Amino acid sequence: MSAQAILKRFQKAKNLKNQNWYSHMRECYEYASPQRETFFDYTPGEKKNTTIYDDTAVVALETFASRLQSYMTPPYQQWALISLGSRVPDEVGEQSVTFDGKEMTVNEALELTTDIVFDYIHRSNFDTQIYPALLDLGVSTGNITVEYDAVQDKLVFNCIPMPQIYLEPGPNGTIDNHYREWEVELGHIERLFPDAEVSDELQRQIDSSPTKKQMFIEGCIYNGVNYRYVVIDKSRKKFMIDREDESTPFISFRSSVAPGETYGRGRIMSVLPSIKTLNLVAEYEMTAGAIAASGVYTGVTDGQFNPYNIEIAPGVIIPVQSNDTRNPSIRPLPTNFDFNFTQIQKRELQNVINTVLFANPIGSMDDPTKTATEITMRKQMDLQQSGGFFSRLFSEFIDVLIKRIVFLLGKEGIIPSISVDGTNYAIKHTSPLALAMDLEDVQNLDEVITRLMSYDPQGALFASGLKVEDIPAYVAKKVGLDPKLVRTKAEIEQKTQEAMQAQQQMQQAQMGQAQMEQQMGGEVVNE
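Not measured: the values here are computed from a predicted model. (Residues numbered from 1 in each chain as written. Predicted model: local features only at pLDDT ≥ 70, side-chain atom pairs only at ≥ 80, totals over all residues. Heavy atoms only, no water.)

Notes on the overall build of the protein chain
Argument step 1. Each helix and strand in the protein chain was counted, giving 16 helices and 15 strands.
Argument step 2. Put simply, the protein chain has 527 residues, and 39% of those count as buried.
Argument step 3. Across the protein chain, the fraction of contacts at a sequence separation of at least 24, relative to all contacts at a separation of at least 6, is 66%.
Argument step 4. About 30300 Å² of surface is accessible on the protein chain, with carbon and sulfur atoms providing 51% of the total. (Helix = DSSP H or I, 4+ residues; strand = E, 2+ residues; numbered from the N terminus. Buried < 20%, exposed > 50% of the residue type's maximum accessible area, 1.4 Å probe, protein only. Contact = heavy atoms within 4.5 Å. Areas by Shrake-Rupley, 256 points an atom, 1.4 Å probe, with all protein chains shown as cover.)

Okay, here's the thing in structure tokens:
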């Protein structure tokens, strides 16, 4: 496929987005995230929130993004583990392998691989780039790219704003193809695209005007097996990069998708009518408050009264031919605004917006004090109500992100080149959100143990009915304990043998001591 053909395909995807999504997304950003609204040309530093009278949606969306980041990808924590797949026998994990010149088990090698992966994540700009992507997720679709910088030996993440990204769907509801249209300073081309082939004409422009911006198209097209990654000089319609790879640098994730659509429908889209109504109620309330403070008056005049030309605003005097029977020169215009109604309406709308955006999951700080158990139950109820929301994020975001990083580091020889496909190697989520979901399994285990102990206080039924030796590892896995603190099966067997040997030695020592006492007792009798 030529550069012209790819540009034509990109233009079709762009037209489709602009026709169907442009106005809807722009309206959502105007009300909920005006600082990120860049669908129109804008001047850096200009004011973008001049039409907002109630900032509940703005604050709630920022809280939504912050809460998702702390729930799913908390900074400087390991929120996922690379482990053996479900079809791999447990014995394989105890087999010995050589990793980084050292002999260790397969499980230990996977733990070390996980440590290396998160070391690269924590040394990168991931935490600063994922937050704005989560803001975009709250509106529609979050988009980031993941690349490896060989010069600085680090991962590079880049959040793509919604006005720059254009998507094409796959056959199963996935996002297969990505296009990005953006203006790049010519002096940044070498650092952004180190393997780009720069034409002589473009190089002269770079040398003469490095701060000049020019439009480029970055795209990645899936052919069913590999991804074709391209960078096209739009003005010249020529490839700067054209290569195939097994993985795509683009990651797009959505919280909800309507049938037949490619772009996500975020939580802001769900409550946009409430946001607009709340903004309008707040505007009316502020206008009524200003009128109540400054007043609107009517004044007698000899001119002709035209009701279509009057303006009702704070401090305005409306010309009339007569005020009342006493005919004063000027008098206040009576108003009939109910502030109590607007306050109630605002609270209801604010509660709806905050609930949908997870801005207040356990209630207000002014509510009565809750116990730790009640808070835990409230969190679990919230997770149950939002199960579909988070499950899609785990599959479209976390899993794809870890797979991309493992691919990049494996390609560079930093970690073993493995395929995290869920069969041989899998991803175990250990974020606070995933652990909260697993906590229900631990609570079910606690309930079973409590019931068995109530039936048989001696514990015989509990010991015979459950695999007691496997419970510590099960609980440790569910609560996200560091695997280094959990004994392996070989270590458990070794400890069991040592305990049995110690017990046998103790029994032998006791038997020997008893025999000596018997012998000493017999000698005393003989004497």
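Still to come is the rest of the account.
Description of helix 15 (residues 471-478)
Argument step 1. Turning to helix 15, its buried residues are Ile471, Ala476 and Lys478. An end-on view of helix 15 places all buried positions within 165° of arc, on one side of the element.
Argument step 2. Check the buried side of helix 15 and you find it contacts helix 13 (432-455) and helix 14 (460-465). (Arc of directions from axis to C-beta.)

Details of a nonpolar patch on the surface
Argument step 1. A cluster of nonpolar residues, Leu439, Val479, Leu481 and Leu485, forms a patch on the protein surface that exposes about 340 Å² of accessible area.
Argument step 2. On the secondary structure map, Leu481 appears in the loop between helix 15 and helix 16 (489-526).
Argument step 3. Judged by its relative accessible area of 39%, Leu481 is partly exposed. (Patch = residues over 30% accessible without salt bridge, like charges linked within 9 Å, V, L, I, M, F, W, Y side chains within 5 Å. Salt bridge = Lys/Arg side-chain N within 4 Å of Asp/Glu carboxyl O.)

Looking at the environment of Val420
Argument step 1. Relative to the helices and strands, Val420 resides in the loop between helix 12 (387-411) and strand 15 (425-429).
Argument step 2. Linking Val420 and Lys403, residues 17 residues apart in sequence, is a C-alpha distance of 6.1 Å.
Argument step 3. Not counting chain neighbours up to four residues away, the residues in contact with Val420 comprise Lys403, Val406, Tyr425, Ala426 and Ile427.

Concerning the sheet that holds strand 8 (residues 213-222)
Argument step 1. Taken in spatial order, the 5 strands make up an open sheet running 6-7-8-9-10, and their pairing is antiparallel. On the outer flanks of this sheet lie strand 6 (165-169) and strand 10 (238-245), each paired with one strand and no other. On average, adjacent strands in this sheet sit at an angle of 15° to one another, irrespective of strand direction.
Argument step 2. Packing of helix 1 (residues 3-20) onto the sheet brings it into contact with strand 6, strand 7 (175-185), strand 8, strand 9 (227-233) and strand 10, and relative to strand 6 it is tilted by some 95°. (Pairing = 2+ DSSP bridges. Axes fitted to C-alpha atoms, helices over the stretch in contact; angles between N-to-C directions.)

A short note on the environment of Gln164
Argument step 1. Structurally, the position occupied by Gln164 is in the loop between strand 5 (154-159) and strand 6.
Argument step 2. According to the relative accessible area criterion, Gln164 is partly exposed, its value standing at 21%.
Argument step 3. Between the C-alpha atoms of Gln164 and Ile217, which are 53 residues apart in sequence, the distance is 9.8 Å.
Argument step 4. Contact partners of Gln164, with chain neighbours within four places excluded, come to Tyr179, Arg180, Glu181 and Trp182.

Let's talk about the sheet that holds strand 5
Argument step 1. One open sheet accounts for 3 strands, arranged 5-4-11; its pairing is antiparallel. Edge positions in the sheet fall to strand 5 and strand 11 (250-254), since each has one partner strand and no second. Sheet twist, expressed as the average angle between the axes of neighbouring strands with direction ignored, equals 25°.
Argument step 2. The pairing of strand 4 (residues 141-149) with strand 5 spans 6 bridges and is classified as antiparallel. Of the residues in strand 5, the one forming a bridge with Asp149 is Lys154.
Argument step 3. Most of the contacts of helix 5 (residues 126-139) go to strand 4, to which it runs at about 155°, and overall it touches strand 4, strand 5 and strand 11.

A word on the pattern of salt bridges
Two side chains carrying opposite charge are able to pair once their charged atoms lie near each other.
Argument step 1. Taken as a whole and assessed by the stated rule, the structure comprises 18 salt bridges.
Argument step 2. Between Lys411 and Asp245 there is a salt bridge, with its nearest N and O atoms 3.1 Å apart. Pair noted here: Lys411 is in helix 12 and Asp245 is in strand 10, with a separation of 166 residues, a long-range link.
Argument step 3. Connected through salt bridges with shared partners, the residues Lys14, Glu181 and Lys234 form a single ionic network.

As for the packing of helix 3 (residues 56-72) against helix 5
Argument step 1. Across the interface, helix 3 lies against helix 5 with an axial gap of 9 Å and an inter-helix angle of 125°. Judged by the angle between their axes, helix 3 and helix 5 are oblique. Crossing handedness for the pair helix 3 and helix 5: right-handed. Across from Leu61, Glu62, Phe64, Ala65, Ser66, Leu68 and Gln69 in helix 3, the residues of helix 5 making contact are Asp127, Ile130, Tyr131, Leu134, Leu135, Leu137, Gly138 and Val139.
Argument step 2. Here the contact of helix 3 with helix 5 is built from residues that sort into 10 nonpolar, 3 polar and 2 charged. (Parallel < 35°, antiparallel > 145°, perpendicular 65-115°, else oblique. Left-handed = near helix turned anticlockwise from the far one by under 90°. Nonpolar A, V, L, I, M, F, W, Y, C, P; charged D, E, K, R; others polar.)

Let's talk about the confidence of the model for the protein chain
Argument step 1. Across the protein chain, pLDDT averages 82, with 83% of residues at or above 70.
Argument step 2. By mean pLDDT, strand 12 (residues 297-300) is the weakest element of the protein chain at 60, and strand 11 is the strongest at 95. (pLDDT = per-residue confidence, 0-100.)

Considerations on the packing of aromatic side chains
Argument step 1. Within this structure, the stated rule accounts for 11 aromatic pairs.
Argument step 2. Note on Trp79 and Phe118: the rings are 4.8 Å apart at their centroids and 85° apart in plane angle, and the pair reads as edge-to-face. Of this pair, Trp79 sits in the loop between helix 3 and strand 1 (80-84) while Phe118 sits in helix 4 (residues 106-122), and the two are 39 residues apart along the sequence.
Argument step 3. Judged by its relative accessible area of 2%, Trp79 falls in the buried class.
Argument step 4. One aromatic cluster is present, built from ring pairs that chain together Trp79, Phe118, Phe126 and Phe157.
Argument step 5. The ring of Tyr166 carries Lys17 above its face, with NZ or CZ at 4.8 Å from the centroid.
Argument step 6. The side chain of Arg123 reaches across the aromatic face of Tyr120, ending 4.6 Å from its centre. (Phe/Tyr/Trp six-rings, centres within 6.5 Å; stacked < 30°, edge-to-face > 60°. Lys NZ or Arg CZ within 6 Å of the ring centre and 35° of its normal.)

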